[in-house]
Amino acid sequence: MVSLKDISKACGVSVATVSKALNDHSDISAATKERIRKVAEELGYRPNAAAQALKTNRTNNIGVLFVDAANTGLTHDYFNHVLDSFKKTAEENGFDITFINGGKARINNMSYLSHAIYRGFDGVVIACVDFSDPEVDELVKSNIPVVTIDHFFYNRIAILSDNVKGMKDLVNYVYEQGHRKIAYIHGMESSVTQSRLASFYKTLQDLDVYIPDEYVLAAPYRDTEAAFEATNKLLDLPDPPTVIFYPDDISCFGGRNAIRQRGMRIPEDISVVGYDGIELVSRISPMLTTIVQNTEKIGRLAASKLIDLINNPKGTLIEQVVVGGKLEPGETVKKLTV
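Note that the structure is a prediction, hence the values are computed from the model and not measured. (Residues numbered from 1 in each chain as written. Predicted model: local features only at pLDDT ≥ 70, side-chain atom pairs only at ≥ 80, totals over all residues. Heavy atoms only, no water.)

1. Here's the deal with the overall build of the protein chain
Logical step 1: Scanning the protein chain for helices and strands turns up twelve helices and twelve strands.
Logical step 2: Its C-alpha radius of gyration of 26 Å places the protein chain more than 25% over the 20 Å reference for a compact globule of 338 residues.
Logical step 3: Dimensions along the principal axes, computed over C-alpha positions, put the protein chain at roughly 90 × 35 × 35 Å.
Logical step 4: For the protein chain, the residues scored as buried account for 46% of the 338 residues in total.
Logical step 5: A total accessible area of about 17400 Å² is found for the protein chain, and carbon and sulfur atoms account for 50% of it.
Logical step 6: For the protein chain, the distance from the average position of its 37 positive side-chain charges to the average position of its 43 negative side-chain charges is 7 Å. (Helix = DSSP H or I, 4+ residues; strand = E, 2+ residues; numbered from the N terminus. Rg over C-alpha atoms; globule rule 2.2 N^0.38 Å. Buried < 20%, exposed > 50% of the residue type's maximum accessible area, 1.4 Å probe, protein only. Areas by Shrake-Rupley, 256 points an atom, 1.4 Å probe, with all protein chains shown as cover. Lys, Arg positive; Asp, Glu negative; His and termini not counted. Charge placed at Lys NZ, Arg CZ, Asp CG, Glu CD.)

2. Focus on the pairing of strand β4 (residues 146-149)
Logical step 1: Burial of the side chains of β4 extends over both faces: Val146 and Thr148 are buried on one face and Val147 and Ile149 on the other.
Logical step 2: Bridge analysis of strand β3 (residues 123-127) against β4 gives four bridges, and the strand direction is parallel. Of the residues in β4, the one forming a bridge with Val125 is Val147.
Logical step 3: Crossover β3 to β4 through helix α7 (residues 134-140) is right-handed.
Logical step 4: Pairing geometry for β4 and strand β5 (residues 157-161), over three bridges, is parallel. Bridge assignment links Val147 to a residue of β5, and that residue is Ile157. (Pairing = 2+ DSSP bridges. Right-handed = clockwise from strand over helix to strand, strands pointing away.)

3. Side note on the environment of Asn155
Logical step 1: Mapping Asn155 onto the fold places it in the loop between β4 and β5.
Logical step 2: C-alpha of Asn155 to C-alpha of Arg180: the two residues are 25 residues apart in sequence and 41 Å apart in space.
Logical step 3: In this view, Asn155 contacts Val140 and Ile318; residues no more than four positions away in its chain are not counted. (Contact = heavy atoms within 4.5 Å.)

4. A word on the sheet that holds β3
Logical step 1: Reading across from one edge, β2-β1-β3-β4-β5-β11 is the order of the six strands in this open sheet, with parallel pairing throughout. The open sheet has two edge strands, β2 (96-99) and β11 (320-323), and neither has a second partner. When the angles between neighbouring strand axes are averaged without regard to direction, this sheet yields 20°.
Logical step 2: Packing of helix α5 (residues 77-92) onto the sheet brings it into contact with β1 (61-66), β2, β3, β4 and β5, and relative to β1 it is tilted by some 175°. (Axes fitted to C-alpha atoms, helices over the stretch in contact; angles between N-to-C directions.)

5. As for the side chain of Thr231
Logical step 1: Position of Thr231 relative to the elements: it lies in helix α10 (residues 224-235).
Logical step 2: On the basis of relative accessible area, Thr231 is assigned to the buried category, the value being 0%.
Logical step 3: From its side chain, Thr231 meets the backbone oxygen of Ala227 in a polar contact 2.6 Å long.
Logical step 4: Of note is the side chain of Thr231, whose polar atom sits 2.7 Å from the side chain of Tyr246.
Logical step 5: Excluding residues that lie within four positions of it along the chain, Thr231 makes contacts with Ile185, Ile244, Tyr246, Gly255, Ala258 and Ile259. (Polar contact = N/O pair within 3.5 Å; in protein donor to acceptor, adjacent residues only side chain to side chain.)

6. A look at the packing of α5 against helix α12 (residues 295-311)
Logical step 1: In contact at an axis separation of 7 Å, α5 and α12 are set at 45° when each is read in the N-to-C sense. When the axis of α5 is compared with that of α12, the two are oblique. For the element pair α5 and α12, the recorded crossing hand is right-handed. In this structure, α5 uses Tyr78, His81, Val82, Ser85, Phe86, Thr89 and Ala90 to contact α12, whose residues at the interface are Thr295, Glu296, Ile298, Gly299, Arg300, Ala302, Ala303, Ser304, Leu306 and Ile307.
Logical step 2: Looking at the contact of α5 with α12 residue by residue, the class counts come to nine nonpolar, six polar and two charged. (Parallel < 35°, antiparallel > 145°, perpendicular 65-115°, else oblique. Left-handed = near helix turned anticlockwise from the far one by under 90°. Nonpolar A, V, L, I, M, F, W, Y, C, P; charged D, E, K, R; others polar.)

7. Re the packing of aromatic side chains
Logical step 1: Following the criterion strictly, the structure yields seven aromatic pairs and no others.
Logical step 2: Here the aromatic rings of Tyr78 and Phe79 are separated by 4.8 Å at their centres, their planes lie at 70°, and the arrangement is edge-to-face. Here Tyr78 matches Phe79 in class, with each residue buried.
Logical step 3: Measuring from ring centre to ring centre gives 5.7 Å for Phe200 and Tyr201, while their planes differ by 70°; the resulting arrangement is edge-to-face.
Logical step 4: Exposure remark for Phe200: the relative accessible area of 0% places this residue in the buried category. (Phe/Tyr/Trp six-rings, centres within 6.5 Å; stacked < 30°, edge-to-face > 60°.)

8. Structural notes on α12
Logical step 1: The end-to-end C-alpha distance of α12 is 24 Å, a good match for the 24 Å that 17 residues give at a rise of 1.5 Å each.
Logical step 2: Taken residue by residue, α12 has Thr295, Ile298, Gly299, Leu301, Ala302, Ala303, Lys305, Leu306, Ile307, Leu309 and Ile310 as its buried positions.
Logical step 3: Close packing links the buried residues of α12 with β1, α5, β3, β4, β5 and β11. (Expected span 1.5 Å × (residues − 1).)

9. Brief notes about the confidence of the model for the protein chain
Logical step 1: Mean pLDDT over the protein chain works out to 88, with 91% of the residues at or above the 70 mark.
Logical step 2: Of all helices and strands in the protein chain, the one with the weakest mean pLDDT is helix α4 (residues 49-56) (52), whereas strand β8 (residues 243-245) scores best (98). (pLDDT = per-residue confidence, 0-100.)

10. Concerning unusual backbone geometry
Logical step 1: Each neighbour pair has its own omega, and for Ile266 with Pro267 the value is 5°, a cis peptide bond.
Logical step 2: With respect to the helices and strands, Pro267 occurs in the loop between α11 (249-261) and β9 (271-273).
Logical step 3: The linkage connecting Ser285 with the following residue, Pro286, adopts the cis geometry, with an omega of -5°.
Logical step 4: Looking at the element boundaries, Pro286 is found in the loop between β9 and β10 (290-292).
Logical step 5: In this model, Asp150 sits at a positive phi of 65°, which is unusual for a non-glycine residue.

Structure follows, in structure tokens:
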């Protein structure tokens, strides 16, 4: 490892002069600073992170709070891509990322805030957690810069996928294909679910389409077994739907299995619609009709906004940034004659 002493020897100046030049002290000439910095770069010198943190009160480390109730971790198709984009953008700007432990993996039963303080995070991104958890609320209300993904807190920057427009586009698409018996298996309680469900009902009302209560069921996100059971309930109705919306693409696999076990075909006998646009659904036949969320942009914006907040806390706007997705028509919605 290259030291200040190595640089001082190469430049023919004292260690103190090297230190002052690298820390931009005013009593060192601009020419000397430039020469020393050039030599330091050529030798591959990297400042000690701990020492830099002591001087600047910065660690260049960002915490990631990601607690998936289903324990899928980074196999979670949607958030895996969002966080990968977040990580790339953070690293391009000189930041490392560290996950904040949750559940049994916690350090000495620390709260999320205590863990963030213990690690000295410059900021924290929060995604896929129970936002009603008092510990999450404590972290959000602290002085640590925070950006949330897919959830809005009044006084924090939030990066939100446009779930309202995404659902509106899906409903309008199946309506244009002639469907009026439209069922929806939605996810469990969350701000994402609220937005999608409200948009589902609002769009149908605008289209003057009535949906009976038994057409709308709840199931956990990414739970194929629950989606399997809910699909059977819908298909057992005296007047079953012609199309079923699922909370996400993974859940739709459970629905496909239930439909297949009945000897029914997609889309000839029943149409299905997913949400997220994960890579896998573009490789199966028939290709799923879904909304492709812009995970790259969501992750990139979350990182850049958080870094802005860290670097310029007084001049960074607290805002909610909505990122649109794209309808993928796929092959799982049959065109009906109205």
